[in-house]
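This is what each chain is made of:
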Amino acid sequence: MALDIRRFIQRFVEEAADHLPRLREGISALEQGAADKERINELFRSAHTLKGSSRMLKLTPITAVAHSMEELLSAFRDGSQVPGPDSISLLYQATDALADDVAQLAQGASPETLAVADPVLCQALEAAAQPSTATLSNAEEAPEPTAPLPLSPPVNPPRPAGSATLALSDTVRVRLERLDDVIRLMGEVLSGHHHLHTLVEQAQALEARLPGDQRSAIHAFNRDLKDSVLSHDALMSDLHERALQMRMLPLGVVFDPLAQMARELAQSLGKHVDCRVRGSEIELDRQLIDRLSDPLIHLLRNALDHGLETPEQRKAAGKPPRGQLILEAWQDGNWVVVEMHDDGTGIALDAVRQKALAKQLLSEEQLSALSEQETLDLIFLPGFSTKAMITDFSGRGVGMDVVKRTIMGELSGDLQLSSEAGKGTRFTLRLPLSLALMRVLLIEAGNVTLGITAPHVAELVECSPAQFIDAAGQPTLILRNEFVPVVPLAQLLDLPVADTLPDPALLVVVHQRQQKLALIVDTLVDERDMVIKPLPEHLRYLPLISGMVSQGRNALVSLLHVPALLERAKRHTLAPRDVEPSGTAHRILVVDDSLNTREIEKDVLEAWGYQVTLAENGRDGLNKALAESFDAVLTDVEMPVMDGFALTARLRENELYRHKPIIIITSREKESDRQRGMEVGADAYIVKGSFDQNNLVETLKALLG
């Protein structure tokens, strides 16, 4: 893939704008005899940097002058020459020549239009760097030019005397710490400004309590105050947004080096890869980009080491000898999606299962109950690797759990994995545009105000507790075609809990990937864009808290870390079960595309002593049913790849399942759907809206005999 030089010219101009003043300042110090060894080192490093950067971009005139400067400064550095009037004059002329070229680039000139480097100047610089037995005071052997050396004519026509102007760059380099300070202060100002809305409400309440004859003056004041606050709302938000934009960087700063790294690493592994980059112009907050680099490098190394085959292996598999690695990004609302996918071997599910067994992460019974996706996700467990040997490329034992923790924990994002045997693997990262400012829902639970970032809030629901169903001792809400566990947030956080649930109950449904949880809260406090403050070092051990936001004056509100909350809820809601011995238990296959629904049906059935295996869609269910023998099958209807009607029909075609119980559990209530279920061979049809675990178990018992 050819390098687009034009994209990097502006970056070089900005870099040169930093080094040229350093060169002039350093040369001035040399002239005054005040330069120490470190100053000379700084001058050398600036010239060396300009030489290296310009050489990469094929800016030949700049490279030539910077190289000659470097030669002379190197002689100063090693002591073979000492600065004198002649050499200092040459350095000034060289700096002016560099500045002229950089100014032309800044004004849009292409590299090809730059005049060639002045050979007389370059030769003089390099000659001054050569050791000489003559002393610098010997005028006969060290001729001093009476006028500056002639330079090559500039590309632009000469301007009349007296009309010269100083060309300044249209960019300013600012240290990141200073920029962070500005954004932090802007956040504080924004939080303080929002407090003015509370003062407006308090002033209006005060006015209402005053006698009628005393309200006119305070009413006029309230009106002016309200108008002033409202007029500043948009201004404050716009000002803060523009401050955040200053810290945004294109993903190209990460993507472009990764593409080069991919080619070099593949070559060292004896593989060939075409790495294609798309969407590198998409911008992310600098904070995110800094922390995104390591996870992407780890995914890249794994793709090259584990995924892509050697040219010989690819030819044997009927593939082109060169592998394809795609790194792309696109914006989706307030999120940026980054995807890395290859056309390699994919992840072997059998190898994943064997490694999980070898490491004693799960039992054979537990593994058989996992869906394909859940089996794939095992690679995110700490220390998990299907590679027999740890290599430099696959991370020296740093597993995918680090990638998952960085993306989902530190960056408040999401990470999804998909793979198809023989066709490749795809990692999808979903990231917020910025970690500094996010939409936050403020709620109250157990007399404590807490925050939840809006991307993790699926919806708000108000319903009577009488609508909850009992699923293995767990209150559950049927939300459209899905079972969602219900937990009081105060109870989950060990806060004071009311003896009885409010009626109606207010539920905040939070989600992470396919998992959902309905949290009972006391009240909704507010919803707005808020500045996220990281936890101080001494509080970062708290797993349920991801950060803090300011509310009002000097009031801090903890932000709940939803992934950790979901894990805690899963442990919190597990009820003790009286399970029959595995030798006598019936084996049930549960097929549903909703992770929540699968898990809840599994809990219900296991509580009654059944052995349960899960499948995430009709195709997954069919494969598992044909690979093993099950005593009964429970299936949803609406699923991707293959729906429940098609699955039931396919199972009835197989002799093994011609007479075994198949129960359809769905949200479809129409009689026509019920009739179709019976036609394809279902033995029972249960509507989720009227789901009752006792009814399900009694139906199973009757069908199994």
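Owing to the predicted nature of the structure, the values given are computational and were not obtained by experimental measurement.

Undergrad: I'm lost on the overall build of the protein chain in this one. Help?
TA: A tally of helices and strands in the protein chain yields 21 helices and 23 strands. Restricting the contact set of the protein chain to residue pairs at least 6 apart, pairs at least 24 apart contribute 70%. When the accessible surface of the protein chain is split by element, carbon and sulfur atoms take 52% of a total near 35900 Å².

Undergrad: How do you make sense of the environment of Leu 98 when you look at a structure like this?
TA: Note on placement: Leu 98 falls in helix α4 (residues 85-106). Note: C-alpha distance between Leu 98 and Thr 63 (35 residues apart in sequence) is 9.3 Å. The contact partners of Leu 98, leaving out residues within four places of it in the chain, are Leu 20, Leu 23, Leu 50, Ile 62, Val 65, Ala 66 and Met 69.

Undergrad: Is there a simple way to think about the sheet that holds strand β4 (residues 323-332) in this case?
TA: The strands that make up a sheet pair up through hydrogen bonds in the backbone, lying either parallel or antiparallel. Pairing is mixed across the open sheet formed by five strands, whose spatial order is β2-β4-β5-β7-β6. Edge strands, defined here as strands with exactly one partner in the open sheet, are β2 (273-278) and β6 (414-420). Pairs of neighbouring strands in the sheet enclose a mean axial angle of 10 degrees, with direction left out of account. Where helix α9 (residues 286-307) meets the sheet, it contacts β2, β4, β5 (335-342) and β7 (424-432), and its direction lies at approximately 175 degrees from that of β7. Each of β6 and β7 touches helix α14 (residues 400-410); the most contacted strand, β6, lies at about 135 degrees to it.

Undergrad: For this particular structure, what's the right way to read the environment of Val 680?
TA: Among the secondary structure elements, Val 680 is positioned in helix α20 (residues 671-680). Judged by its relative accessible area of 19%, Val 680 is buried. Put simply, Val 680 and Leu 651 are 29 residues apart on the chain and 9.6 Å apart in space, counted from C-alpha to C-alpha. Other than its neighbours up to four places away in sequence, Val 680 contacts Phe 645, Thr 648, Ala 649 and Arg 652.

Undergrad: What exactly am I supposed to notice about the sheet that holds strand β15 (residues 515-521) here?
TA: Reading across from one edge, β10-β14-β15-β13-β12-β11 is the order of the six strands in this open sheet, with mixed pairing throughout. What marks the edges here is a single partner per strand, and that holds for β10 (457-463) and β11 (469-471). Along the sheet, successive strands turn relative to each other by an average axial angle of 40 degrees, direction set aside. Where strand β12 (residues 474-479) and strand β13 (residues 482-488) come together, four bridges link them in antiparallel fashion. Looking at β13, one finds that Ile 478 is bridged to Phe 483. Here helix α17 (residues 595-607) sits on the sheet in contact with β11, β12, β13 and β15, set at roughly 75 degrees to β13.

Undergrad: Any chance you could explain the packing of aromatic side chains here in plain terms?
TA: Scanning all chains against the criterion turns up zero aromatic pairs. Taking the ring centre of Tyr 657 as reference, the NZ or CZ of Lys 660 above it sits at 5.2 Å. A cation over a ring is seen here: Lys 688 above Phe 483, with NZ or CZ 5.7 Å from the ring centre.

Undergrad: What's the story with empty space enclosed by the protein in this structure? I'm lost.
TA: Per the counting criterion, the structure on display carries one cavity of 30 Å³ or more. Space inside the largest cavity adds up to approximately 40 Å³. What lines the largest cavity is Ser 412, Thr 453, His 456, Ser 546, Leu 560, His 561 and Val 562. Class assignment for the residues of the lining of the largest cavity results in two nonpolar, five polar and no charged.

Undergrad: Where do I start with α17 in this structure?
TA: Think of an α-helix as 3.6 residues a turn; residues three or four steps apart then line up on the same face. If you check α17, its first and last C-alpha atoms are 18 Å apart, about what 13 residues at 1.5 Å a residue would give, namely 18 Å. Burial of α17 is extensive: ten of the 13 residues sit out of reach of the surface. For α17, the set of buried residues is Leu 595, Asn 596, Thr 597, Arg 598, Ile 600, Glu 601, Lys 602, Val 604, Leu 605 and Glu 606. Looking at the residues trailing α17, positive phi occurs at Gly 609, about 90 degrees.

Undergrad: Sorry, what's going on with the packing of helix α3 (residues 60-78) against α4 here?
TA: If you want to describe how two helices pack, look at the angle between their axes and the distance between the axes. Contact pair α3 / α4: the axes reach a minimum separation of 10 Å and the direction vectors enclose 155 degrees. Regarding the angle of α3 to α4, the classification is roughly antiparallel. Between α3 and α4 the crossing geometry is left-handed. Of α4, the residues touching α3 (which contributes Pro 61, Ile 62, Val 65, Ala 66, Met 69, Leu 72, Leu 73 and Phe 76) are Ser 87, Leu 91, Ala 94, Thr 95, Leu 98, Asp 101, Val 102 and Leu 105.

Undergrad: Mind showing me how you'd approach the pairing of β15 here?
TA: Remark: a regular strand shows side chains that alternate across the two faces of the sheet. With six of seven residues buried, β15 lies mostly within the body of the structure. Direction of pairing for strand β14 (residues 505-512) relative to β15: antiparallel, over a ladder of seven bridges. When the sheet's bridge partners are listed, His 511 is paired in β15 with Lys 516. Counting the residues between successive antiparallel strands, the hairpin from β14 to β15 contains two residues, one of them, Arg 513, with a positive phi of roughly 55 degrees.

Undergrad: What exactly am I supposed to notice about α20 here?
TA: Turning to α20, its buried residues number three or more, namely Asp 673, Gly 677 and Val 680. Down the axis of α20, the buried side of the element spans an arc of 75 degrees, and every buried residue falls inside it.

Undergrad: I would appreciate a short explanation of the pattern of salt bridges in the present structure.
TA: Side-chain pairing between opposite charges can occur once the charged atoms of the two side chains come close. Per the stated rule, a full pass over the model turns up 33 salt bridges. A salt bridge links Glu 420 to Lys 423; the shortest N-O distance between them is 3.7 Å. Shared partners join several salt bridges into a network, and the residues in it are Glu 309, Arg 314, Lys 319 and Asp 343.

Undergrad: Looking at this structure, I do not really get the packing of α4 against helix α5 (residues 119-129). What am I missing?
TA: With their axes 10 Å apart at the nearest point, α4 and α5 run at an angle of 140 degrees to one another. Taken as axis vectors, α4 and α5 run oblique relative to one another. Viewed along their axes, α4 and α5 form a crossing whose handedness is left-handed. Listed contacts from α5 to Leu 90, Leu 91, Gln 93, Ala 94 and Ala 97 of α4 are Leu 121, Ala 124, Leu 125 and Ala 128. Of the residues that constitute the contact of α4 with α5, the class distribution is eight nonpolar, one polar and no charged.

Thresholds, definitions, all that
Residues numbered from 1 in each chain as written. Predicted model: local features only at pLDDT ≥ 70, side-chain atom pairs only at ≥ 80, totals over all residues. Heavy atoms only, no water. Helix = DSSP H or I, 4+ residues; strand = E, 2+ residues; numbered from the N terminus. Contact = heavy atoms within 4.5 Å. Areas by Shrake-Rupley, 256 points an atom, 1.4 Å probe, with all protein chains shown as cover. Pairing = 2+ DSSP bridges. Axes fitted to C-alpha atoms, helices over the stretch in contact; angles between N-to-C directions. Buried < 20%, exposed > 50% of the residue type's maximum accessible area, 1.4 Å probe, protein only. Phe/Tyr/Trp six-rings, centres within 6.5 Å; stacked < 30°, edge-to-face > 60°. Lys NZ or Arg CZ within 6 Å of the ring centre and 35° of its normal. 1 Å grid on protein atoms, 1.4 Å probe; cavity = no way out; pocket = protein on both sides within 12 Å on 5 of 7 lines; lining within 4 Å. Points joined across faces, edges and corners; volume = space filled by probe spheres on them. Nonpolar A, V, L, I, M, F, W, Y, C, P; charged D, E, K, R; others polar. Expected span 1.5 Å × (residues − 1). Parallel < 35°, antiparallel > 145°, perpendicular 65-115°, else oblique. Left-handed = near helix turned anticlockwise from the far one by under 90°. Arc of directions from axis to C-beta. Salt bridge = Lys/Arg side-chain N within 4 Å of Asp/Glu carboxyl O.

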